[in-house]
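A look at the structure
In case you want the letters, here they are:
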Amino acid sequence: MLKVYRGELLHFLADPAKVALQDSYQYIEDGLLIIKDGLVEQVGEAKALLNTLDNDVDVIHYENGLIMPGFIDTHVHYPQTEMIASYGEQLLEWLENYTFPFERQFSDLEHGKRVAEFFLTQLLEAGTTTALVFGTVHKESVDAFFTIAQQKKLRMICGKVLMDQNCPDYLSDTAQSGYDDSKALIEKWHNTDRLQYAITPRFAPTCSTEQLNKAGQLLAENPSVYLHTHLSENKSEIAWVEELFPDSDGYLDVYDKSNLLSRRSVFAHGVHLHDSECQRLSETDSAVAFCPSSNLFLGSGLFNLQQVEKFDVNVGLGSDIGAGTTFSMLSTINEGYKTQQLRGDKLSPFKSMFLATLGGAIALDLEGTIGNFVKGAEADFIVLDYHATPLMDRRMQHCKTLSEKLFILSMLGDERHVKATHIMGERV
Ligand code: GUN
Ligand code: ZN
């Protein structure tokens, strides 16, 4: 079955920082996106392709909008949805005072399902079609999340948190129970429909060496699953890791010693990385999730995008809800732009839209599956609306280039500017 969409069309083919700008994307002012059985069949100029279609094929025309691949959120906590915007603390106190008590409720499967339903609805309204998601320590939290994501036919990655020290008793597993529960969840969910599993040690301070080693063992036994954790987010956190793991050569090395670095490993934040750590992330083809809204909200610091770019580390964007304050990748880019300004660096509109789509797909080792419109990719796409708000409408009247349009979309845009979200070619 063919589905055909017409409109202004943009997707990325490569990182604009690595190739000539004009080779990094395909932009078609009046384009056609042809989808067959939920997968991209072809993109091209509407004029040329319309003639090739049978007369009875419906063409849905999105005028005054921009068709792009769905956004990819490479780091987010669904159980923290209802504690977003909790006042006044930096990371360690914020975890202790707000996060841990809140996550306790996710031992209840039905509670998890209710929150997952709301969370996924918010993501889709914001134009995010794939995310790498933290559950809580409870296996029920992952059952709840995957149950709802499966009903919605989404490509989602999630995992049960591992934490066996420096946390409340009610949120603690053990190295063995964490391993057993994760293994059972991998068997139940990994590669079921479009769902994939991530082994999810919370962060070094809450994991014993035995637990981290078990996580490494599980990753070695299941090389197609992900590894998802936090890294070098906050200065007090880093000092604590150095105290807890005196034999390690820095924060990343704690994970490295347990064999947790891989093509499918994603480390959230990395705000305070040493060059040697960037080098190691690059060698192992690991990825970092850049979470500007969270890094500003918790006062964690200004992520050094140029540093990781220099070492050719894979990078995606993360909302990091509930430390982040928005589901919208457009708003996340807005905050990212400002963090780079504060460093004296420029985040170009092409680079930021790349990060939100193909960059995220590469970070998740899903290039060719999501993130752009190459033939055979899953047709998860969105339509951005240049005129959804009076201010953007006015500003767009003075806009001449694609670069300017993308910049305005990301500086003034949010979920209001996502006119439609499509999953496997179907509008949701
Ligand atoms: N480090 C360990 N746990 C968390 C969390 O839940 N959120 C953030 N932002 N950082 C963390
Ligand atoms: Zn996080």
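Look above for the structure.
Topic: unusual backbone geometry
In this structure, the amide linkage connecting isoleucine 321 to the following residue, glycine 322, adopts the cis form with an omega of 0°. For glycine 322, the position within the fold is in the loop between strand 13 (314–317) and helix 13 (329–343). Although it is not a glycine, aspartate 312 sits at a positive phi angle of roughly 60°. Counting through the fold element by element, aspartate 312 comes out in the loop between helix 12 (305–310) and strand 13. Residue class for aspartate 312 comes out partly exposed when judged on its relative accessible area of 40%.

Structural notes on the sheet that holds strand 4 (residues 59–69)
Spatially, seven strands are ordered 3-2-1-4-14-15-16 in an open sheet, and the strand pairing comes out mixed. Two strands close off the open sheet at either side, each with one partner strand: strand 3 (39–45) and strand 16 (426–427). In terms of strand pairing, strand 15 (residues 418–423) meets strand 16 through two bridges, oriented antiparallel. Across the sheet, the residue bridging to isoleucine 423 is glutamate 426, located in strand 16.

Observations concerning the packing of helix 5 (residues 139–151) against helix 6 (residues 175–189)
Their axes nearest at 11 Å, the elements helix 5 and helix 6 cross at an angle of 15°. One way to sum up the angle between helix 5 and helix 6 is to call them roughly parallel. Where helix 5 crosses over helix 6, the handedness of that crossing is right-handed. Contacts between helix 5 and helix 6 involve Lys139, Val142, Asp143, Phe146, Thr147 and Gln150 from the first element and Asp181, Leu185, Lys188 and Trp189 from the second. Residues of the contact of helix 5 with helix 6, tallied by class, amount to four nonpolar, two polar and four charged.

Things to note about the coordination of the zinc ion (ligand 2)
Listed as protein donors to the zinc ion (ligand 2) are His75 (NE2), His77 (NE2), His230 (NE2) and Asp320 (OD); their distances from the metal cover 2.0 to 2.4 Å. Coordination geometry of the zinc ion (ligand 2): the four donor atoms subtend angles of 85 to 170° at the metal centre, consistent with an arrangement described as irregular. Read N to C, the donor residues that coordinate the zinc ion (ligand 2) are spaced as H-x1-H-x152-H-x89-D. With histidine 75 in strand 5 (residues 71–77) and histidine 230 in strand 10 (residues 226–231), this pair connects stretches of sequence that are 155 residues apart. Its relative accessible area of 7% is what places histidine 230 among the buried residues.

What to know about the site of ligand 1
Neighbouring residues of ligand 1: His77, Gln80, Leu91, Trp94, Leu95, Arg202, Phe203, His230, Glu233, His269, Asp320 and Ala323. A distance of 3.5 Å is found between a nitrogen atom of ligand 1 and a side-chain nitrogen or oxygen belonging to histidine 230. Contact distances for ligand 1 include 2.7 Å between a nitrogen atom and a side-chain N or O atom of glutamate 233. Computed on the free molecule, ligand 1 has an accessible area of 280 Å², of which 100% lies beneath the protein chains in the complex. A majority-of-atoms criterion places ligand 1 in the largest cavity. The biggest single contributor to the shell around ligand 1 is helix 3 (residues 91–103), with three residues. Counted by class, the shell around ligand 1 contains five nonpolar, four polar and three charged residues.

Examining the packing of aromatic side chains
Within this structure, the stated rule accounts for 17 aromatic pairs. Geometrically, the ring pair formed by tyrosine 251 and tyrosine 255 is tilted, given 5.7 Å between the ring centres and 40° between the ring planes. Here tyrosine 255 and tyrosine 251 lie together in helix 9 (residues 251–257), a separation of four residues that amounts to about one turn. With a centroid separation of 4.6 Å and an interplanar angle of 20°, the aromatic rings of phenylalanine 290 and phenylalanine 303 are classed as stacked. Placement of phenylalanine 290 in strand 12 (residues 287–290) and of phenylalanine 303 in the loop between helix 11 (292–297) and helix 12 is noted, with a sequence separation of 13 residues between them. A single burial state applies to phenylalanine 290 and to phenylalanine 303, both of which are buried. Following the ring pairs from residue to residue traces out a cluster consisting of Tyr78, Phe106, Phe119, Phe145, Phe146, Trp189 and Phe327. Geometry around tyrosine 170 places arginine 104 over its ring, the cationic atom sitting 4.0 Å from the centre.

Topic: the layout of surface pockets
Put simply, the largest pocket is a space of about 230 Å³. Looking at the largest pocket, it is lined by 19 residues, and the ones nearest its centre are Asp15, Lys18, Val313, Asn314 and Phe354. The dominant element in the lining of the largest pocket, judged by the number of residues it contributes, is helix 14 (residues 349–363), at six residues. The class makeup of the residues in the lining of the largest pocket is eleven nonpolar, two polar and six charged.

Definitions and limits used
Residues numbered from 1 in each chain as written. Chains lettered and ligands numbered in written order. Predicted model: local features only at pLDDT ≥ 70, side-chain atom pairs only at ≥ 80, totals over all residues. Heavy atoms only, no water. Helix = DSSP H or I, 4+ residues; strand = E, 2+ residues; numbered from the N terminus. Buried < 20%, exposed > 50% of the residue type's maximum accessible area, 1.4 Å probe, protein only. Pairing = 2+ DSSP bridges. Axes fitted to C-alpha atoms, helices over the stretch in contact; angles between N-to-C directions. Parallel < 35°, antiparallel > 145°, perpendicular 65-115°, else oblique. Left-handed = near helix turned anticlockwise from the far one by under 90°. Contact = heavy atoms within 4.5 Å. Nonpolar A, V, L, I, M, F, W, Y, C, P; charged D, E, K, R; others polar. Donors = N, O, S within 2.8 Å, 3.2 Å for Na, K, Ca; no water. Tetrahedral: all angles 85-135°; square planar, octahedral: opposite > 155°, others 65-115°. Near = heavy atom within 4 Å. Polar contact = N/O pair within 3.5 Å; in protein donor to acceptor, adjacent residues only side chain to side chain. Areas by Shrake-Rupley, 256 points an atom, 1.4 Å probe, with all protein chains shown as cover. 1 Å grid on protein atoms, 1.4 Å probe; cavity = no way out; pocket = protein on both sides within 12 Å on 5 of 7 lines; lining within 4 Å. Sits in = over half its atoms within 2 Å of the grid points. Phe/Tyr/Trp six-rings, centres within 6.5 Å; stacked < 30°, edge-to-face > 60°. Lys NZ or Arg CZ within 6 Å of the ring centre and 35° of its normal. Points joined across faces, edges and corners; volume = space filled by probe spheres on them.

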